[in-house]
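A structural walkthrough
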Amino acid sequence: MGHQANSVQVMGIDAGGTMTDTFFVQADGEFVVGKAQSNPADESLAISDSSVDALAQWGRSIEDVYPEMITCVYSGTAMLNRVVQRQGLAVGLIVNRGVEDFHRMGRAIQSYLGYAFEDRIHLNTHRYDPPLVPIERTRGVTERTDSQGDVAIPLREDEARQAAAELIALGVEAIAISLLHSHKNGGNERRVRDICRAVATEHGKPDLPIFASVDYYPVRKESHRTNTTILEAYAAEPSRKTLTRISDRMRTQGARHDLRVMATHGGTISWKAKELARTMVSGPVGGVIGAKFLGELLGYDTIACSDIGGTSFDMALITKGSFAIAADPDMARLVLSLPLVAMDSVGAGAGSFVRLDPHTNAIKLGPDSAGYRVGVCWPEGGLDTVTVTDCHVVLGYLNPHNFLGGQITLDVERAHAALKAQIADPLGLSVEEAAAGVVELLDLSLRDHLRATISAKGYSPTDFVCFSYGGAGPVHTYGYTEGLGFKDVIVPAWAAGFSAFGCATADFEYRYDKSVDVAVPGGAPDAFKTQAVSALQEAWAELAAKVIEEFAINGFEASAVTLHPGYRMQYMGQLNDLEIDSPVTSATTAADWDRLVAAFDETYARVYASAARSPELGFSITGAIMRGVVATQKPHLPKEPLAGQDPPEDARIGRRAVFRHNRWVHATVWHMEALKAGNHITGPAIIESSATTFVVPDGFAAWLDEHRLFHLTETTAQGSA
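Looking up the protein in an unreviewed UniProt entry gives the name Acetone carboxylase beta subunit, with the organism given as Roseospira visakhapatnamensis.

In terms of burial, strand E23 (residues 465-469) is largely enclosed, as 5 of its 5 residues are buried. Both faces of E23 are covered, namely the face carrying Val 465, Phe 467 and Tyr 469 and the face carrying Cys 466 and Ser 468. Bridge count between strand E13 (residues 303-308) and E23: 5 bridges; the pairing is parallel. From the neighbouring strand, Cys 305 faces E23, where its bridge partner is Phe 467. Bridging between E23 and strand E24 (residues 488-492) involves 3 bridges; their strand directions are parallel. In the sheet register, Cys 466 faces E24, and the bridge partner there is Val 489. Considered for its hand, the β-α-β crossover made up of E23, helix H14 (residues 473-481) and E24 is right-handed.

Attention now goes to the packing of helix H12 (residues 412-427) against helix H13 (residues 431-456). The contact between H12 and H13 brings their axes to 9 Å, and the two run at 75°. Taken together, the axis directions place H12 and H13 in an arrangement best described as roughly perpendicular. Every residue of H13 that contacts H12 at His 416, Leu 419, Lys 420, Ile 423 and Ala 424 is listed here: Val 431, Glu 432, Ala 434 and Ala 435. Here the contact of H12 with H13 is built from residues that sort into 6 nonpolar, 1 polar and 2 charged.

Moving on, we come to unusual backbone geometry. A cis amide bond, omega 5°, links Gly 683 with the succeeding residue Pro 684. The topology assignment puts Pro 684 in the loop between strand E31 (680-682) and strand E32 (685-688). A positive phi angle is found at Lys 221, which is not glycine, with a value near 80°. Checked against the element boundaries, Lys 221 lands in the loop between helix H8 (213-216) and helix H9 (222-252). Even without being a glycine, Asn 361 presents a positive backbone phi close to 65°. Residue placement: Asn 361 occurs in the loop between strand E21 (352-356) and strand E22 (363-369).

Structurally, Asp 357 can be placed in the loop between E21 and E22. Buried charge without a partner: Asp 357 forms no salt bridge, and the closest opposite charge is Lys 364, 4.4 Å away. Here His 359 takes part through its backbone nitrogen, which lies 2.8 Å from a polar atom of the side chain of Asp 357. Not counting the four nearest positions on each side in its chain, Asp 357 is found in contact with Ala 362 and Lys 364.

Its place among the elements puts Ser 178 in the loop between strand E9 (174-177) and helix H7 (187-202). For the pair Ser 178 and Ile 230, spaced 52 residues apart in the sequence, the C-alpha separation amounts to 9.0 Å. In this structure, Ser 178 is in contact with Ile 94, Val 95, Asn 96, Glu 189, Ser 213, Arg 225 and Thr 226, ignoring residues within four places of it in sequence. Within the structure, Ser 178 has its side chain in polar contact with the side chain of Thr 226 (distance 2.8 Å).

Size of an interface, as often reported, equals the accessible area lost when the parts are brought together. Under the domain assignment used here, the protein contains domain 1 (90-172 + 174-208), domain 2 (358-441) and domain 3 (508-630). Relative placement of domain 1 and domain 3: their C-alpha centres are 30 Å apart.

What follows is about the pattern of salt bridges. Taken as a whole and judged by the stated rule, the model has 39 salt bridges. Asp 448 serves as the salt-bridge partner of Arg 451, at 3.4 Å between the closest nitrogen and oxygen. Taken together, the residues span about one helical turn, with Arg 451 and Asp 448 both in helix H13 at a distance of 3 residues.

Grouped together as the largest cluster of nonpolar side chains are 198 residues, with contacts concentrated most on Phe 24, Trp 494 and Trp 593. Examining the composition of this core, we find that 10 residues originate from one element, H13, more than from any other. Among the nonpolar cores identified, the runner-up in size contains 19 residues, and Ile 94, Ile 168, Ile 177 and Val 199 belong to it.

So, about the sheet that holds strand E33 (residues 693-696). A sheet is described by the order of its strands in space; here 4 strands give the open sequence E29-E30-E32-E33, paired in mixed fashion. At either margin of the open sheet sits one strand with a lone partner, and together these are strand E29 (652-660) and E33. For this sheet the average axis-to-axis angle between neighbouring strands, irrespective of direction, equals 25°. With 4 bridges joining them, strand E30 (residues 663-671) and E32 adopt parallel strand pairing. In the sheet register, Val 669 faces E32, and the bridge partner there is Ile 686.

Both the distance between ring centres and the angle between the ring planes are used here to describe each pair of aromatic rings. For the structure shown, the criterion picks out 27 aromatic pairs. Their ring planes at 75° and their centres at 5.2 Å tell us that Phe 508 and Phe 551 sit as a pair that is edge-to-face. Of this pair, Phe 508 sits in strand E25 (residues 508-520) while Phe 551 sits in helix H16 (residues 526-553); the two residues are 43 residues apart in sequence, bridging distant segments of the chain. The same class applies to Phe 508 and to Phe 551, which are both buried. Geometrically, the ring pair formed by Tyr 510 and Phe 551 is edge-to-face, given 4.9 Å between the ring centres and 85° between the ring planes. On the criterion of sequence distance, the pair formed by Tyr 510 in strand E25 and Phe 551 in helix H16 is long-range, its members being 41 residues apart. Taken as a pair, Tyr 510 and Phe 551 share a single burial class, namely buried. Every member of this aromatic cluster is reached through a ring pair, and the members are Phe 23, Phe 31, Phe 293, Tyr 469, Trp 494, Phe 498 and Phe 501. Residue placement shows Arg 260 over the ring face of Phe 508; its charged tip is 4.7 Å from the ring centre.

Let us look at the sheet that holds strand E5 (residues 91-96). If you trace the 4 strands from one edge of the open sheet to the other, you get E6-E5-E9-E10, paired in parallel fashion. The sheet terminates laterally at strand E6 (138-141) and strand E10 (210-212), the two strands that pair on one side only. Across the sheet, the mean angle from the axis of one strand to that of its neighbour is 20°, orientation sign disregarded. For E5 and E9, the ladder comprises 4 bridges, and the chain directions are parallel. For Val 91, the partnering residue across the bridge sits in E9 and is Ala 174. Strand contacts of H9: E5, E9 and E10, with the helix running at about 160° to E10, the strand carrying the most contacts.

Before going further, it helps to examine the packing of helix H1 (residues 43-55) against H9. For the pair H1 and H9, interaxial distance at closest approach is 8 Å and the crossing angle is 40°. Comparing their axes, H9 and H1 come out oblique. As for how H1 packs across H9, the hand of that crossing is right-handed. Across from Glu 43, Ser 44, Leu 45, Ile 47 and Ser 48 in H1, the residues of H9 making contact are Thr 242, Arg 245, Ile 246 and Arg 249. Split by residue class, the contact of H1 with H9 holds 3 nonpolar, 3 polar and 3 charged.

Parameters at a glance
Residues numbered from 1 in each chain as written. Predicted model: local features only at pLDDT ≥ 70, side-chain atom pairs only at ≥ 80, totals over all residues. Heavy atoms only, no water. Buried < 20%, exposed > 50% of the residue type's maximum accessible area, 1.4 Å probe, protein only. Helix = DSSP H or I, 4+ residues; strand = E, 2+ residues; numbered from the N terminus. Pairing = 2+ DSSP bridges. Right-handed = clockwise from strand over helix to strand, strands pointing away. Axes fitted to C-alpha atoms, helices over the stretch in contact; angles between N-to-C directions. Parallel < 35°, antiparallel > 145°, perpendicular 65-115°, else oblique. Contact = heavy atoms within 4.5 Å. Nonpolar A, V, L, I, M, F, W, Y, C, P; charged D, E, K, R; others polar. Lys, Arg positive; Asp, Glu negative; His and termini not counted. Salt bridge = Lys/Arg side-chain N within 4 Å of Asp/Glu carboxyl O. Polar contact = N/O pair within 3.5 Å; in protein donor to acceptor, adjacent residues only side chain to side chain. Domains from an automatic or database assignment. Core = buried A, V, L, I, M, F, W, Y, C linked by side-chain atoms within 4.5 Å. Phe/Tyr/Trp six-rings, centres within 6.5 Å; stacked < 30°, edge-to-face > 60°. Lys NZ or Arg CZ within 6 Å of the ring centre and 35° of its normal. Left-handed = near helix turned anticlockwise from the far one by under 90°.

Dropping the structure here:
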């Protein structure tokens, strides 16, 4: 590239609910991490503040660095929060006449998504959230395409015109169209889309956004597809404004690159992309991509990823070098049709509120969180309900003068008084016992969740290396991994910016999916197989055109794009299909079909037990997938010469009293950046950095390797009951 060795090439951004992290990589692979409080009113400002924080470590300014950058990837939670808080656009919906209520009725599962088991089994606790589009803004048009894709009733175009005119008269800010079986034949749905565009232009609104499901999500399952198309209008369009603001601010600060956004499937797409709903849950996905990238460099292929931020605990499993992709995930209590890196999220993080259940006097954590307002310990936040962070401050785990590198001072006395009044006194405990109880309760629930997720897949924690990251991950690592027996527990020194790091390692990738129904029974003749592959090939060609069109919007020639076809397959008669990367680039012969089947068989035996295979039933393909990738600059892993086991004296900050296992002990406090590769730290110790705090309690030790990764080990079996 002709850049000097220390020019900055890559930037990753993770704009979370609590903190906004930035991650910068130089041409030689060196990197820095920055942090700032999130600013929901103007994300571009928080990104600016965080960048200043990061670049100060190199003694450089934004104006100096932004012009050098080749690539910048953004991930954030604003879109998800907009849906959860129901603050989207006023959308109009056009469906088939006679089924106007199906979006409002939703799927039954939506009435209890996110509920604990005891609430799921009691019907009286179920509730339906208000629909994204109320019935007043829903219109039906006469048309019917049957389940084979044949038009049984032609579209009545005058009804479509009338529906569009009525919705526009109601002042809708966008229109979504979702007709039955349009994924089999999208002709009528596209016709309704074109009519809506014409009517909008006649009414002086040529820029009114119009979304037809067939253009975005041509997949089966009406509720999933309709929800996702509505989200594109409801939440993604306003997010476009946020991204425009971020892009514009970066341009005024000298940036020349185009902003990219992390997508749910693990690749990055341009902020100008036609479909943005895929970026709805981009933050946690970044961490999984970063873990996979790191695992490949270090030779780990079975990894448990755990990410704790201020609002949630997100975990994902990487087995044999690949992560699972869920085709019909749910988010914000909605079922969706998006390819999403399969993750489990528990609504409990360091900012979670702590309350006593008025009936049982039991401690309840979350699910709501203080977000960027931290807790009672930060007076300016204006909160009066205690959070998990308040417990950490009282127990001595966090340095009140080093939160966000000292930009915010935390008030220990204030946290102490609030904990005493709200939790300790009602339970008849000392404040320390109450705070320790809360932290242990959170750690226990995270540990159980981690163990259950791993055993549900038929594995044991002893098969896995656990990566712990996120701003609050290192404070809790010992608590939720204790006694599980992981092969290794790794905390990157840049844990706080790890999701932003993951964004910087992700490919520039577009992905499109389409439902396909092709079945070949066991022992079928070759003619069956040839017919099946030609249907798949046709779908691939259609999706490849969409992928290439997206890259063209970003100024890439088709020749720069590498296409990776994939498919979803299942044993006939089984319910679960699996996503497979195709072993062939195009499929035309019966032999190609056999290769597709062999690749599925091999993956199935890896994800489930081999004994569950049932090839004699035959195989069916349920979906076609096309990914297109353009190569990007990736960060290198730092590699430092190993120093001795003893940390240098100048890394020692002092001692601090911390409370654990019903007693106060004196922990040695270390400055994370001053530790050298090869250093061993024996607990009780606290390793501080401006962006995170790594707690190594009694009975644990940690050592820092040449790549600045901490390895946490249990030195005694205490407390592992």
